[in-house]
Amino acid sequence: MQVFDISRPLLTGVPTWPGDTPFTYVVNWPKAESGSVNVGKLAMSIHTGTHVDAPFHFDDDGRKMMDLDVELYIGVARVIDVSGKSSIGAEDLLQLDLTGVTRLLLRTGSWTDPTRFPEEICHLRADLPSFLAEKGIRLIGVDVPSVDPLDSKELHAHHGLHQHDIHILEGLLLDHVEPGDYELIALPLPLVEADGSPVRAVLRTIK
Ligand SMILES: N[C@@H](CC(=O)c1ccccc1NC=O)C(=O)O
Ligand SMILES: [Zn+2]
Ligand SMILES: [Zn+2]
(Lines give C-alpha, C1' and ligand atoms only; values in the text may rest on other atoms or scores of the structure.)
(Ligands and ions follow the chains in the order given, each with its own letter.)
Protein backbone atom coordinates (compact mmCIF):
# COMPACT_ATOMS: atom_id res chain seq x y z
CA MET A 1 0.00 0.00 0.00
CA GLN A 2 1.30 3.42 -0.98
CA VAL A 3 0.22 6.83 0.25
CA PHE A 4 0.50 9.91 -1.97
CA ASP A 5 0.32 13.29 -0.31
CA ILE A 6 -1.72 15.50 -2.62
CA SER A 7 -1.71 18.56 -0.33
CA ARG A 8 0.16 21.80 -0.95
CA PRO A 9 2.70 22.57 1.79
CA LEU A 10 1.67 25.50 4.01
CA LEU A 11 4.54 27.83 4.75
CA THR A 12 5.39 31.53 4.75
CA GLY A 13 5.02 32.86 1.23
CA VAL A 14 2.59 30.18 0.03
CA PRO A 15 0.49 31.72 -2.77
CA THR A 16 -2.87 33.21 -1.76
CA TRP A 17 -5.73 34.81 -3.65
CA PRO A 18 -4.68 38.37 -4.52
CA GLY A 19 -5.46 40.60 -1.52
CA ASP A 20 -6.26 37.70 0.78
CA THR A 21 -4.77 37.06 4.25
CA PRO A 22 -1.13 35.93 4.01
CA PHE A 23 -0.23 32.61 5.60
CA THR A 24 1.73 33.04 8.82
CA TYR A 25 2.94 30.57 11.40
CA VAL A 26 4.96 31.74 14.36
CA VAL A 27 6.09 30.17 17.59
CA ASN A 28 4.14 32.65 19.62
CA TRP A 29 5.11 31.29 23.02
CA PRO A 30 8.56 29.77 22.84
CA LYS A 31 9.80 27.08 25.16
CA ALA A 32 12.37 29.48 26.56
CA GLU A 33 9.47 31.59 27.89
CA SER A 34 6.81 29.00 28.69
CA GLY A 35 9.35 26.77 30.40
CA SER A 36 8.01 23.57 28.83
CA VAL A 37 6.70 23.87 25.27
CA ASN A 38 6.78 25.77 21.96
CA VAL A 39 3.28 27.02 21.17
CA GLY A 40 2.50 28.06 17.60
CA LYS A 41 0.05 30.58 16.23
CA LEU A 42 -1.46 30.32 12.80
CA ALA A 43 -3.19 32.84 10.54
CA MET A 44 -4.42 32.00 7.07
CA SER A 45 -7.28 32.27 4.64
CA ILE A 46 -9.52 29.24 4.34
CA HIS A 47 -8.87 29.34 0.56
CA THR A 48 -5.10 28.97 0.70
CA GLY A 49 -3.55 25.73 -0.45
CA THR A 50 -5.54 22.50 -0.45
CA HIS A 51 -9.01 23.13 0.96
CA VAL A 52 -12.71 22.44 0.71
CA ASP A 53 -15.41 25.06 0.13
CA ALA A 54 -18.63 25.12 2.12
CA PRO A 55 -21.67 26.60 0.34
CA PHE A 56 -21.54 29.59 2.74
CA HIS A 57 -18.40 30.65 0.81
CA PHE A 58 -20.57 31.76 -2.11
CA ASP A 59 -24.08 31.83 -0.60
CA ASP A 60 -24.93 33.83 2.55
CA ASP A 61 -27.62 31.29 3.40
CA GLY A 62 -25.48 28.29 2.49
CA ARG A 63 -24.36 25.55 4.82
CA LYS A 64 -21.17 25.98 6.81
CA MET A 65 -18.30 23.55 7.26
CA MET A 66 -19.71 21.57 10.17
CA ASP A 67 -23.07 21.15 8.39
CA LEU A 68 -21.47 19.09 5.61
CA ASP A 69 -21.32 15.32 5.46
CA VAL A 70 -17.84 14.27 6.56
CA GLU A 71 -18.20 10.87 4.85
CA LEU A 72 -17.76 12.40 1.42
CA TYR A 73 -14.18 13.34 2.22
CA ILE A 74 -13.18 9.72 2.79
CA GLY A 75 -13.59 6.97 0.21
CA VAL A 76 -12.81 5.71 -3.25
CA ALA A 77 -11.92 8.44 -5.73
CA ARG A 78 -10.97 8.38 -9.39
CA VAL A 79 -8.12 10.55 -10.67
CA ILE A 80 -8.35 11.46 -14.35
CA ASP A 81 -6.00 13.48 -16.53
CA VAL A 82 -7.62 16.39 -18.39
CA SER A 83 -4.45 18.38 -18.99
CA GLY A 84 -4.01 20.62 -22.01
CA LYS A 85 -7.58 21.98 -21.95
CA SER A 86 -8.53 25.54 -21.03
CA SER A 87 -11.87 24.39 -19.57
CA ILE A 88 -13.72 21.17 -18.85
CA GLY A 89 -17.33 20.49 -19.81
CA ALA A 90 -19.54 17.43 -20.24
CA GLU A 91 -18.18 16.94 -23.76
CA ASP A 92 -14.68 16.36 -22.40
CA LEU A 93 -15.79 13.51 -20.15
CA LEU A 94 -18.38 11.83 -22.41
CA GLN A 95 -16.04 9.00 -23.40
CA LEU A 96 -15.31 7.96 -19.84
CA ASP A 97 -17.13 5.23 -18.00
CA LEU A 98 -17.86 6.89 -14.67
CA THR A 99 -20.16 4.15 -13.38
CA GLY A 100 -19.89 3.86 -9.63
CA VAL A 101 -17.62 6.90 -9.25
CA THR A 102 -18.57 9.10 -6.29
CA ARG A 103 -15.44 11.24 -6.06
CA LEU A 104 -13.69 12.56 -9.17
CA LEU A 105 -10.33 14.34 -9.11
CA LEU A 106 -9.28 16.27 -12.22
CA ARG A 107 -5.61 16.62 -13.03
CA THR A 108 -5.62 19.77 -15.18
CA GLY A 109 -1.91 20.53 -14.82
CA SER A 110 -2.79 24.19 -15.33
CA TRP A 111 -1.15 25.57 -12.15
CA THR A 112 2.39 25.18 -13.43
CA ASP A 113 4.39 27.20 -10.86
CA PRO A 114 3.35 26.24 -7.32
CA THR A 115 5.33 29.15 -5.85
CA ARG A 116 3.07 31.74 -7.50
CA PHE A 117 -0.68 32.27 -7.65
CA PRO A 118 -1.66 31.38 -11.23
CA GLU A 119 -2.79 33.97 -13.77
CA GLU A 120 -5.02 31.61 -15.68
CA ILE A 121 -6.39 28.18 -14.85
CA CYS A 122 -8.49 25.45 -16.38
CA HIS A 123 -12.08 25.93 -15.13
CA LEU A 124 -15.30 23.94 -15.19
CA ARG A 125 -17.99 24.89 -17.70
CA ALA A 126 -21.61 25.46 -16.75
CA ASP A 127 -22.83 22.14 -18.20
CA LEU A 128 -20.52 20.01 -16.07
CA PRO A 129 -22.39 19.96 -12.71
CA SER A 130 -25.58 18.36 -14.09
CA PHE A 131 -23.52 15.86 -16.10
CA LEU A 132 -21.54 14.86 -12.98
CA ALA A 133 -24.71 14.62 -10.90
CA GLU A 134 -26.29 12.27 -13.46
CA LYS A 135 -23.26 10.01 -13.09
CA GLY A 136 -23.72 9.99 -9.31
CA ILE A 137 -20.65 12.07 -8.49
CA ARG A 138 -20.82 13.81 -5.09
CA LEU A 139 -17.37 15.35 -4.82
CA ILE A 140 -15.16 17.05 -7.41
CA GLY A 141 -11.51 17.85 -6.80
CA VAL A 142 -9.24 20.11 -8.84
CA ASP A 143 -5.51 20.96 -8.82
CA VAL A 144 -6.20 24.71 -9.16
CA PRO A 145 -7.39 27.38 -6.67
CA SER A 146 -10.94 27.48 -8.05
CA VAL A 147 -13.46 25.54 -10.14
CA ASP A 148 -14.38 28.87 -11.82
CA PRO A 149 -12.22 31.27 -13.82
CA LEU A 150 -10.08 33.32 -11.41
CA ASP A 151 -11.80 36.60 -12.32
CA SER A 152 -15.34 35.21 -12.16
CA LYS A 153 -17.80 37.05 -9.92
CA GLU A 154 -20.81 34.92 -10.91
CA LEU A 155 -19.11 31.63 -9.91
CA HIS A 156 -21.31 29.52 -12.19
CA ALA A 157 -19.41 26.31 -11.45
CA HIS A 158 -19.50 26.81 -7.67
CA HIS A 159 -23.25 27.48 -7.71
CA GLY A 160 -24.00 24.74 -10.21
CA LEU A 161 -22.06 22.13 -8.24
CA HIS A 162 -23.80 23.22 -5.04
CA GLN A 163 -27.23 23.00 -6.71
CA HIS A 164 -26.41 19.39 -7.59
CA ASP A 165 -25.10 18.67 -4.10
CA ILE A 166 -21.54 18.12 -5.32
CA HIS A 167 -18.83 19.00 -2.78
CA ILE A 168 -15.79 21.03 -3.86
CA LEU A 169 -12.13 20.25 -3.11
CA GLU A 170 -9.60 22.74 -4.47
CA GLY A 171 -5.85 23.31 -4.66
CA LEU A 172 -4.81 19.66 -4.90
CA LEU A 173 -1.36 18.60 -6.09
CA LEU A 174 -1.79 15.77 -8.58
CA ASP A 175 1.32 15.99 -10.79
CA HIS A 176 2.97 12.98 -9.14
CA VAL A 177 -0.09 10.72 -9.16
CA GLU A 178 -1.05 8.39 -12.01
CA PRO A 179 -4.70 8.40 -13.12
CA GLY A 180 -6.70 5.59 -11.53
CA ASP A 181 -8.73 4.64 -8.49
CA TYR A 182 -7.51 5.35 -4.96
CA GLU A 183 -8.88 5.86 -1.50
CA LEU A 184 -9.12 9.58 -0.83
CA ILE A 185 -8.78 10.98 2.67
CA ALA A 186 -9.21 14.78 2.81
CA LEU A 187 -10.78 15.62 6.12
CA PRO A 188 -11.81 19.21 6.86
CA LEU A 189 -11.38 20.65 10.35
CA PRO A 190 -14.48 20.93 12.55
CA LEU A 191 -14.82 24.68 11.94
CA VAL A 192 -18.40 25.28 13.02
CA GLU A 193 -18.92 28.70 11.44
CA ALA A 194 -16.55 28.47 8.49
CA ASP A 195 -16.88 28.94 4.72
CA GLY A 196 -14.60 25.95 4.17
CA SER A 197 -11.49 24.39 5.64
CA PRO A 198 -7.90 23.56 4.87
CA VAL A 199 -7.42 19.80 4.49
CA ARG A 200 -4.57 17.33 4.46
CA ALA A 201 -5.44 15.33 1.38
CA VAL A 202 -3.89 11.95 0.66
CA LEU A 203 -4.53 9.14 -1.81
CA ARG A 204 -3.97 5.58 -0.71
CA THR A 205 -3.54 2.83 -3.27
CA ILE A 206 -6.30 0.27 -3.10
CA LYS A 207 -5.12 -3.31 -2.17
N1 LIG B 1 -13.90 31.02 -4.98
C2 LIG B 1 -12.52 30.80 -4.61
C3 LIG B 1 -12.02 31.84 -3.66
C4 LIG B 1 -12.19 33.24 -4.06
O5 LIG B 1 -12.85 33.55 -5.02
C6 LIG B 1 -11.50 34.20 -3.23
C7 LIG B 1 -10.81 33.78 -2.11
C8 LIG B 1 -10.17 34.69 -1.31
C9 LIG B 1 -10.18 36.01 -1.63
C10 LIG B 1 -10.86 36.46 -2.74
C11 LIG B 1 -11.53 35.54 -3.55
N12 LIG B 1 -12.20 35.93 -4.66
C13 LIG B 1 -12.16 37.26 -5.02
O14 LIG B 1 -12.64 37.66 -6.05
C15 LIG B 1 -12.38 29.50 -3.92
O16 LIG B 1 -13.35 28.82 -3.83
O17 LIG B 1 -11.32 29.16 -3.43
ZN1 LIG C 1 -12.06 27.79 -1.99
ZN1 LIG D 1 -14.01 27.42 -4.60
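Residues numbered from 1 in each chain as written. Chains lettered and ligands numbered in written order. Predicted model: local features only at pLDDT ≥ 70, side-chain atom pairs only at ≥ 80, totals over all residues. Heavy atoms only, no water.

Q: Give me the coordination of the zinc ion (ligand 2): which residues, what numbers.
A: Taken together, H47 (ND1), H51 (NE2), D53 (OD) and E170 (OE) make up the protein donors of the zinc ion (ligand 2), found 2.0 to 2.4 Å from the metal. If you look at the zinc ion (ligand 2), its 6 donor atoms make angles of 54 to 178° with each other, and the shape they trace is irregular. Between the two metal centres, the zinc ion (ligand 2) and the zinc ion (ligand 3), the spacing is 3.3 Å, with D53 acting as a shared donor. A residue pair is termed long-range when its members are at least 10 positions apart, and D53 in strand β4 (residues 51-53) and E170 in strand β10 (residues 167-170) qualify at 117 residues. Judged by its relative accessible area of 1%, E170 falls in the buried class. (Donors = N, O, S within 2.8 Å, 3.2 Å for Na, K, Ca; no water. Tetrahedral: all angles 85-135°; square planar, octahedral: opposite > 155°, others 65-115°. Helix = DSSP H or I, 4+ residues; strand = E, 2+ residues; numbered from the N terminus. Buried < 20%, exposed > 50% of the residue type's maximum accessible area, 1.4 Å probe, protein only.)

Q: Tell me about the packing of aromatic side chains, and name the residues and values.
A: What the rule picks out here adds up to 3 aromatic pairs. For the ring pair W17 and F117, a centre distance of 5.1 Å and an interplane angle of 55° mean the geometry is tilted. Placement of the pair is W17 in the loop between β1 (3-5) and β2 (24-29) and F117 in the loop between β7 (103-107) and β8 (123-124), with a sequence separation of 100 residues. Taken together, a centroid distance of 6.3 Å and an interplanar angle of 65° make the contact between W111 and F117 edge-to-face. (Phe/Tyr/Trp six-rings, centres within 6.5 Å; stacked < 30°, edge-to-face > 60°.)

Q: Break down the site of ligand 1 for me, citing the residues and quoting the values.
A: Every residue near ligand 1 is listed here: W17, D20, H47, H51, D53, H57, P145, K153, H158 and E170. H47 is positioned with one of its side-chain polar atoms (N or O) 3.2 Å from an oxygen atom of ligand 1. Within the contact set of ligand 1, an oxygen atom lies 2.9 Å away from a side-chain nitrogen or oxygen of E170. In isolation ligand 1 has 410 Å² of accessible area, and contact with the protein removes 77% of it. In terms of residue class, the shell around ligand 1 is made up of 2 nonpolar, 4 polar and 4 charged. (Near = heavy atom within 4 Å. Polar contact = N/O pair within 3.5 Å; in protein donor to acceptor, adjacent residues only side chain to side chain. Areas by Shrake-Rupley, 256 points an atom, 1.4 Å probe, with all protein chains shown as cover. Nonpolar A, V, L, I, M, F, W, Y, C, P; charged D, E, K, R; others polar.)

Q: I'd like a rundown of the nonpolar core, residues and numbers included.
A: What tends to happen in soluble globular proteins is that the nonpolar side chains get buried as a cluster. In this structure, L93, L104, L106, L124, L132, I140 and L161 are the most contacted members of the largest nonpolar core, which totals 28 residues. At the level of elements, α2 (90-93), β7, α3 (128-135), β9 (139-142) and α4 (156-163) are the ones that each hand at least two residues to this core. The element that contributes the greatest number of residues to this core is α3, accounting for 3 residues. Discounting chain neighbours no more than four positions away, the residues touching I140 are L104, L106, L124, L132, L161, I166, H167, I168 and L169. Core analysis: the next-biggest nonpolar cluster, separate from the first, contains 23 residues, A77, V79, L105 and L139 among them. (Core = buried A, V, L, I, M, F, W, Y, C linked by side-chain atoms within 4.5 Å. Contact = heavy atoms within 4.5 Å.)

Q: Let's hear about a nonpolar patch on the surface: which residues, and what values?
A: Taken together, the side chains of Y25, V27 and L42 make up a nonpolar region of the molecular surface, amounting to roughly 300 Å² of accessible area. The residue Y25 is located in strand β2 in this model. You can call Y25 partly exposed: its relative accessible area is 45%. (Patch = residues over 30% accessible without salt bridge, like charges linked within 9 Å, V, L, I, M, F, W, Y side chains within 5 Å. Salt bridge = Lys/Arg side-chain N within 4 Å of Asp/Glu carboxyl O.)

Q: Before we move on, can you summarise unusual backbone geometry with the specific residues and values?
A: Of note in the backbone geometry, L155 takes a positive phi value of approximately 55° without being a glycine. In this structure, D165 is a non-glycine residue whose phi angle is positive, near 60°. Residue placement: D165 occurs in the loop between α4 and β10.

Q: Quick rundown of the UniProt feature "binding site: substrate" (unreviewed entry) in the protein chain? Include the residues and the values.
A: Residues given the UniProt feature "binding site: substrate" (unreviewed entry) here are W17. The class for W17 is partly exposed, based on a relative accessible area of 22%. Excluding residues within four positions of it along the chain, W17 makes contact with H47, F117, P145, S146 and L150. (UniProt positions renumbered as here; feature names shortened; annotations may be inferred.)

Q: Go over the side chain of T48, please, and point to the residues and values.
A: For T48, the position within the fold is in the loop between β3 (39-43) and β4. Among all residues touching T48, those that are not within four sequence positions of it are L10, V14, P15, T16 and T21.

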